[in-house]
Amino acid sequence: MATETTRPSLAQALFAPRSIALVGASDDASKTSSRPLQYLRRAGYEGAIYPINPGRKTVLGEPAWPSLASLPVVPDHAFILTPTEDAVDAAEECARLGLSVATILASGYSEADEAGRKLLARLKALRANGLRILGPSSLGAINLHSRAIVTANAAFAEPDLPRGGIFVASHSGSLLGGLVSRGKARHLGFAGLVSVGNEIDLSLGEICAATLDDPTITGYMLFLESIRHADDLRAFARGAADRGKPVVAYKLGRSAAAAELALTHTGALAGEDDVAAAFLADCGIARIFNFETLLEALPLVARVPARREGAGAPRVGIVTTTGGGAAMVVDELALRGIDVVAPSDQTYARLGAAGVKAGHDRITDLTLAGTRYDVMKAALDTLLGAPEFDAVIAVIGSSARFQPELAVKPVIDSGGHAKPLAAFLVPEAPEALNMLAAAGVPAFRTPESCADAMSAALRRRPATALAPSPRPSAAGSAQQLDEIEAYALLAKLGISHAPAVAVAIDAEGPFDLPFAYPVAVKILSATIAHKTEIGGVVLNVRSDAELSSAMRRIVGNAMGKGHAASHVIVQPMTAGLGEFLLGYRVDPDAGPLVLLAAGGIYTEIYRDRSIRLAPVDLDTARSMIAELAISRIFRGYRNRPHGDMEALARAIVALSQLAIEESVQVVDAEINPLIVGPVGEGVIAVDALVALARREDT
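Predicted, not measured: the structure shown is a model, and the values here were computed from it. (Residues numbered from 1 in each chain as written. Predicted model: local features only at pLDDT ≥ 70, side-chain atom pairs only at ≥ 80, totals over all residues. Heavy atoms only, no water.)

Focus: the sheet that holds strand S25 (residues 567-572)
Just so we agree on the cut-off: At least two bridges found by DSSP between two strands are what make those strands a pair. In DSSP terms, a helix is any run of H or I states spanning at least four residues, a strand is any run of E spanning at least two, and both are numbered starting from the N terminus. Axis lines are fitted through C-alpha atoms, for helices just across the contact stretch, and the angle between N-to-C directions can take any value from 0 to 180 degrees. Any two residues having at least one pair of non-hydrogen atoms within 4.5 Å are treated as being in contact.
One open sheet accounts for four strands, arranged S22-S25-S23-S24; its pairing is antiparallel. Strands at the two margins of the open sheet, each flanked by one partner only, are strand S22 (501-504) and strand S24 (537-541). Shown here is a sheet whose adjacent strand axes are inclined to one another by a mean of 30 degrees, direction ignored. Here strand S23 (residues 519-524) runs beside S25; their pairing, made up of six bridges, is antiparallel. The residue of S25 that forms the bridge with alanine 520 is glutamine 571. Across the face of the sheet, helix H20 (residues 544-560) comes into contact with S22, S23, S24 and S25 while running at roughly 170 degrees to S24.

Side note on unusual backbone geometry
Residue proline 136 is reached from glycine 135 by a cis peptide bond, and omega for that bond is -5 degrees. Among the secondary structure elements, proline 136 is positioned in the loop between strand S7 (132-134) and strand S8 (140-143). Backbone torsion omega between tyrosine 517 and proline 518 reads 0 degrees, so that peptide bond is classified as cis. Among the secondary structure elements, proline 518 is positioned in the loop between S22 and S23. A positive phi angle, close to 60 degrees, is found at serine 137, a residue other than glycine.

Describing helix H14 (residues 373-384)
Formally: A helix's residues, less one, multiplied by 1.5 Å, set its expected span. Exposure is judged per residue with a 1.4 Å probe applied to protein chains only, and the accessible area is read against the type maximum: over 50% gives exposed, under 20% gives buried, and values in between give partly exposed.
The end-to-end C-alpha distance of H14 is 16 Å, a good match for the 16 Å that twelve residues give at a rise of 1.5 Å each. Taking burial as the measure, the twelve residues of H14 include nine buried ones, the bulk of the element. The set of residues buried in H14 consists of Val375, Met376, Lys377, Ala378, Ala379, Leu380, Thr382, Leu383 and Leu384.

Observations regarding the confidence of the model for the chain
Condition: Per-residue confidence from the prediction method is given by pLDDT, with values spanning 0 to 100.
Of all residues in the chain, 93% have pLDDT values of 70 or greater, and the mean over the chain is 90. Scored below 50 in pLDDT, residues 255-263 makes 16 contacts in the model with residues more than four places away or belonging to other chains.

A look at the pairing of strand S31 (residues 688-693)
With respect to burial, S31 is a largely interior element, six of its six residues being buried. When strand S21 (residues 478-480) meets S31, the two strands line up antiparallel, connected through three bridges. What sits directly across from glutamine 480, in S31, is alanine 691. Pairing analysis gives five bridges linking strand S29 (residues 666-676) to S31, with the strands arranged antiparallel.

Notes on the nonpolar core
What counts here: Remark: nonpolar core denotes a set of buried residues (Ala, Val, Leu, Ile, Met, Phe, Trp, Tyr, Cys) joined through side-chain atoms within 4.5 Å.
Residues Phe156, Ile318, Leu333, Ile393 and Met454 are the most contacted members of the largest nonpolar core, which totals 50 residues. The dominant element in this core, judged by the number of residues it contributes, is helix H18 (residues 447-459), at seven residues. Beyond its immediate sequence surroundings of up to four residues, methionine 454 is in contact with Leu300, Val316, Leu333, Ala391, Ile393 and Ala422. Core analysis: the next-biggest nonpolar cluster, separate from the first, contains 47 residues, Leu577, Ala614, Ala649 and Ala651 among them.

Some thoughts on the packing of helix H16 (residues 404-414) against helix H17 (residues 430-438)
Worth spelling out the cut-off: Note that the term roughly parallel is reserved for angles under 35 degrees, roughly antiparallel for angles over 145, roughly perpendicular for angles of 65 to 115, and oblique for everything else. Note on convention: near helix rotated counterclockwise from far helix by under a right angle means a left-handed crossing. Clockwise means right-handed. Residue classes follow a fixed rule: Ala, Val, Leu, Ile, Met, Phe, Trp, Tyr, Cys and Pro count as nonpolar, while Asp, Glu, Lys and Arg count as charged, and any other residue, Gly among them, counts as polar.
Contact geometry for H16 and H17: axes closest at 9 Å, N-to-C directions at 25 degrees. In terms of axis orientation, H16 runs roughly parallel to H17. In this structure, H16 meets H17 at a crossing whose hand is right-handed. In this structure, H16 contributes Pro404, Glu405, Val408, Val411 and Ile412 to the contact, and H17 contributes Glu431, Ala432, Met435 and Leu436. Tallied by class, the residues present in the contact of H16 with H17 amount to seven nonpolar, no polar and two charged.

Here is the structure:
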């Protein structure tokens, strides 16, 4: 076997291979394993194709080869179409021969049984030989520009597949067909698509990163079932942001179920979808919640710059010819926390000077006058030039269907403004939508999709930098510190805590405490995460006699729950303006997170929380505080004193530094409550829980 003169890059082997081997290609045109050869020929692929079938001399009228070893060259890419065990044998042959990439169609490589684990181990071992694997359970990789339609997806039998600038990466292979067919109906063009399968080797993020410098790709659509290989995905997202290529994602799994066995409240509050939302936001990825929006959002996201932390709530202006249609958009935006604001007095005056008659309301309703080009154009130009709006939506009524050119021409002619402009067409108006799409104006068929895309675009944050040092694994067991040890770690980070002393359970008074009564008494243990749940806390203890009684009660409660303890921790009762929970944890997928929530015993009921990838800076910490409804209480609500929010922000930053702390590897930490004092008096921890990665886990 001869070899190609140069080994291809990952992107070339996947999406522009010079030669492709189809291992297990079938001569039966009705079988799945015959599709790749048919698609490649129909698309006009110009590279060499080598059908591999030891039982036939020809496949679909073309010469077939008995094995990979019998080929005249080492192909760039092998698409393995054989069943599960045979596919592993074929992949091993690919590795021996020096192929760059093998895509595996077969599934059945579950870690749930011994046979599946052995097959997976054999596949994973092949990376040492230089072979990269796409899949298993991958429907293939497609590049419409190079005409490399390396897929078994039945949807790619469709002729005249639309070429353009969108790259799609999906955990679901079947969804690629749905996106292509729907995209074709919307006149969307695709540069490439990939079904990543089980990601045992090549991850979705790594594949997308390999395409970043492809000039034909202008933006990315992701269909995610979960957050896997988070570091790869985050590195890709950062690279896309650096190149000005927007990324939009639809993620499944928005369940509100929390982790029932979480060590801390932080773990329960940071459920899977909460973590995914924080991860995608900090990656600068615009997350949408309707599948339809995935096809419609990119043009809008591409026009809206990422919004820095602390920039305030985004504001939208609406111009319409139909009040009812506009009201639907207002409702949907409100559900997503986006304000639709009325024109300012100055803007209203400019509307009047331009000959536009409209009420001074949140919606600039032009009624039938808005069907005139000059009126709609003047209204759009005025709102697009007004400083109170971050974006403008034009809502067009029945004229979009019956007079498409007249209805959308003013929108198209205003589309070149620096401020984002989008359109929602109330009737089914395909001709008007096509005109808007051709002009590059984002246009939507439903109010839900319009609001979904606008929210995703306006709330997209800049991609944050990766944590600069290795982090501990969240997998495996953890070693919990007792509360005194946890306070020592917090002090090292610069977070203040209430004074605390350990008192032996068998000690007798008088007690020489370094502070006055009343005090709080808590069981001191490195094995009990939630002291109140076992009756391990007594508050407002006012004398030596009450302290002795409290210790006896705590010991009895602990023994009744199967726990033993030698000491209690005693602290002065501490009050402030209110309480927060401040938490840190290493998520097994997304990595280090910092969480701020309403504090106290009702934390999980309120679920008022904000999450970011750690570490964070002060601006980000301030934004986290602003996101919590409870924070309004600390900003002078009903003449209450102002809380020290700057001290709280500094505490958030300090705890988040655990992500880059090299002297200790923390997998879980929580301060609950963190008491907030008046401005200038800071914040103080009065309970803390910390879990370290065990030595064998680090």
